[in-house]
Every structure is written in C-alpha cells, then in structure tokens.
Amino acid sequence: MGLWVLVKVPLAIILVTLASVLWKLRPFVLGQFTSPFLRFRGPPSSSWLFGQVKERHESGDDYAYDRWLQEYGPVVLIRGFFNMPRLLTSDTRAINHVLTHSAEYQKPAQARRTLSRLLGEGVLITEGDTHRQQRRIMNPAFGPSQIRELTEIFVEKAVELRDVWMKEISDKGDSDSARINVMRGLSKMTLDVIGLAGFNYEFHALNPVGAPNELAKAFEDIFVVPDKIPVLRIMRGFFPILDLIKTEETRRIDRALAVMRRIGSQLIAEKKAEIMRETSEKKGDGVGRRSLQGRDLLTLLIRANMATDIPENQRLSDEDVLAQVPTFLVAGHETTSTATTWCLYALTQAPDVQQKLREELLTVETDNPTMDELMALPYLDMVVRETLRVHTPVPETIRVATKEDVIPLDRPFTDKDGQVHENIQVSPGSSIVIPIKALNRSKELWGEDAHEFRPKRWENPPEAVSSIPGVWGHMLTFLGGPRACIGYRFSLVEMKALIFTLVRAFEFELAVSPSDIKLMPGIVERPRLRSEPAQGNQMPLIVRRYDRA
C-alpha cells in the first residue's frame, strides 16, 4: 500500500503538469486552424517552433517587415512562436484603432508575466484601471516644467562624458583623436542621469575609479541581453510551471532582484521621511500636490501619492511605487543611449549634416544651455527627429485582442483567395504586430528616400505622415494613445543635451566599414560588429577633438 502511494503521488503530479501544458498549448494548436488571419497573404514560415522570429533575429538587419509589407501589402500574415498566426499591418487607421482602444488590445500576457517578474507591476506592465491609476499619479512628474528642472542634470552629465572622452584622447599622447566605443560611454551617462533625475541616486557610472555600484551591478545582471533567442526564458512566460527549473541565470536574477528591492525600499522610505519632515516644519495642513517642490521623479511621485487632496482609493500602494524604480531604470536608460549612439553613427555617414549641426550649436554662447535654449535650435531638432525616425530604438510592439472586434482600415486589401476586405475581423487572443520602425520609414508615407538619413525633410514633411497616430513628431517612436511613452519629453531633452555637448566638442568618424555594423534584435536594437561578435554590442568611432580656431 505504501509503495503504491509513493508511485501514485508523483504520477498524479506528472499528469496534472501534462494536463496544464496541454491546456496551455490549446490556443496554439487551435490557432493554426481557426485564426481569422489565415486567409491573408504573407511569407512562408521557416520553423514550427520559432515561426519567423528566428529568421529575423539572425538576419543582421531590420528590413524584414519593410520587405514583407512591400511584397504582400499593408496587411500581412506572419508567424510567431509555435508558428502562431500574427497580423502585421502598416495601415495607419488600423494602428490608430488598436492603440487608442488600449483596454481591448493589451500587451501579450506572456511578455507581461516575464517582465513583471523583473520589474514588478510598474507602469510599463500594468493594464486597465491599475495602469490608469498609476499614470494619473505619475503624469505631473513628466510635464514640461519638471523636465525643465531636470535639464541641468542632463547637461552636467553630458559635460562629464565629454571630459571623460577628452581624457581618453589626451592619454593617447600627441594624437588629437582616439577610437572609442561610444555606446559604452553613452550608456554610462544615461544610467547616471536616470539615477539622479529618477530618484536622486548616485550611480557614479562615468567615474573611471572607485568600487562598482551595487544597484548598477544588479540592474546589469537582470538585463543581460543574450546573443541567441532565450528559449527557456520565453517558455517560462507561456508555462509558469517551468519556474520550478532553477538555472544559474534564474539564481543570478533572483539575487539581483533582492538587491534592487532592498535599495528601492530604502530610497522610498527615506523620501517619505523627508517629505513628512518637510511638511512638519512647514506646519501645514498636510502634503499638497501643488505646494511641494521636488526635482527627482520618484520624489515627485511619492509626494503626489501622499497628497491629502487625492482620494484614498486613488493612491498607489508601496508595492506599486516600488515597481516604478526598475521601470524608470529600464525605460529611461538604454533607449536614450541607444538612440544617441545611432545619431552619432548617422552623423559619421553624413559629414555635411554633422558640420551644419556643429555650426548651429556653436552659435550658443554657453556650454550649459537651458531646456528652452536647446529646444530653440531648429537644425538640432531636425537631426533628433530624423534619428528617431530612421534609427528607432524600439522597432515594434505587439498587442493582443481581449475580445471580438472589427478593425477599420484606411483602404481595402485583397486576401490570397482574391476576396476584398474593408476591415479586419479579430477574435480574442489575436496578436497584432505594430511595426514602429517600418512605419517610420515607409516609402508610401515618407517618399522614395524614406530609408535615407536626411534631416532637411523636416522643413516640409510629407502631408501623408500626418496620419501616423504617434504622440510626437508624426512618428510611432513613442507610440500613441493612452499608453504612449510617458517619458518622451525626458528622453528628447536628454538626447538634445548629449548631442549639443558632444558635437560641439568633437568630430566623429566611423572606425570600421559601415558593412561591419549589424543590428542585434531585441526590445531595443543595438549595434554590433560582424568582425567582432565576441566583443558584444558596440559602436566604435574615431572621436577627434574639434579645434574651434
């Protein structure tokens, strides 16, 4: 009897696990036969497991969506993991519908589950009422007046990076230039910025000496970008039971998360105590959203959340506030540094643009411009816009329908059976891919030179681009609708401060052949050398001291 029980219990666990896996696989199996997208035209799938994901990951460029939209039209059937049908569309009316109906079209549950384990339930992850509540509290911290206050930090850290590169050149002896991986320096600069501007925390990433920062190391351990598709990590998103399998990666992430949680909790506790002490000293009636001043985003968030003039049921929990710490780090760090990296690359490929930009920047008499002075430079604005159009850091996003719906279209399309469709029928669980980068450089919208880096186009942009439903600049770079990037002003001003400071001080030239640069796919697209894959992501430039004389 005892032996039979010993056998029966593990057998029951195995059967339950198997049943759970089969239930999870049900939509993937049924989707192969029931998806409303199956009649649409599209490229052949190359893998039952990866669909076309692996093909795009290994291509070394980011033109697959452009090619497919050009070949098959504005509505295309593509395949995701487990060969699941996905809808890829460049129809701006359809994209506007999906982005503005954020309750009906949400981020994939698997991606939210994976990211929430790393980030907590922050504003990037949450949906529905929780997201609206978080956003309502956070919005004031990202307004123009708050970003104006933070510009001093952006400029100070840009100047510090400039001085670091100046020293690298000086260390070469008689040379007036050095080969520098600009991506590394820009990443350190933006980490320092989000530390100070985000929660008044000193990473000292640009400091070449001193002990490694504990929080910076934890952040790096969590967000190591793998060279190959992380199959097990992706499968965990689909099958939570796989979390029981512990690997060196999961143990490293668990340790890093514990560090991030400990330091984040400490920062929040300190800021709360500081706010209460300040309120007590003022002998006021409590914390008011408008009466208190603060510069870093986390302090502003906590003050707004503690304000006596908001209802108790609209406040964020301490857990929700804590989740914003890694959210600020992720959203405010790699995206801006990667965009600026691609901007410097683009300037090396267009020396006339680089020279014209420098001439404009040198008309400003100070090395420490205000936000208003940065925003008043028209050619700098064109260069930033064109960079974010051609070299969009986040190339795509996916939304999943939560219920049956009909997506309207700008114009009808014809499926592979010859039937004309004036709209798209979707069922619950249908995945829609929004090709941010492909739309930003669509020849149909931007003209035949859409793939070229040409800032001058912003003097008179094509009328067709006004249909792109983006929150900024007639582009999808910062998305649109209720879930548009909350920190887009922060990113734009920081990027302008960087370019202003660096292009005034240096001339930039690509240190390798342009054909040696390849794109590493991911949530953020980073550069890597084909000739040095083992060196990881990098952008080597010849950085030459600019002689104003």
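These notes cover the structure that comes with them. None of these values were measured; they are calculated from a predicted model. (Residues numbered from 1 in each chain as written. Predicted model: local features only at pLDDT ≥ 70, side-chain atom pairs only at ≥ 80, totals over all residues. Heavy atoms only, no water.)

### Details of helix α3 (residues 64-72)
Along α3, the residues that are buried comprise A64, Y65, D66, W68, L69 and Y72. On its buried face, α3 is in contact with α2 (53-57), β1 (75-79), β2 (85-89), β8 (431-434) and α17 (436-440). Downstream of α3 by one or two residues, G73 has phi in the positive range, about 100 degrees. (Buried < 20%, exposed > 50% of the residue type's maximum accessible area, 1.4 Å probe, protein only. Helix = DSSP H or I, 4+ residues; strand = E, 2+ residues; numbered from the N terminus. Contact = heavy atoms within 4.5 Å.)

### Topic: the sheet that holds β1
With respect to topology, 5 strands assemble into an open sheet ordered β1-β2-β8-β5-β3, the strand pairing being mixed. Two strands close off the open sheet at either side, each with one partner strand: β1 and β3 (105-106). With 4 bridges joining them, strand β5 (residues 397-401) and β8 adopt antiparallel strand pairing. Opposite I398, over in β8, you have V433 as the bridge partner. Where α3 meets the sheet, its contacts fall on β1, β2 and β8, and the angle it forms with β1 comes to roughly 130 degrees. (Pairing = 2+ DSSP bridges. Axes fitted to C-alpha atoms, helices over the stretch in contact; angles between N-to-C directions.)

### Considerations on the packing of helix α7 (residues 144-170) against helix α19 (residues 488-505)
Between α7 and α19, the shortest axis-to-axis distance is 8 Å and the interhelical angle comes to 35 degrees. The handedness of the crossing between α7 and α19 comes out as right-handed. Contacts between α7 and α19 involve P144, I147, L150, T151, F154, V155, A158, V159, L161, R162, W165 and M166 from the former and R489, F490, V493, E494, A497, L498, T501, L502 and A505 from the latter. Here the contact of α7 with α19 is built from residues that sort into 16 nonpolar, 2 polar and 3 charged. (Left-handed = near helix turned anticlockwise from the far one by under 90°. Nonpolar A, V, L, I, M, F, W, Y, C, P; charged D, E, K, R; others polar.)

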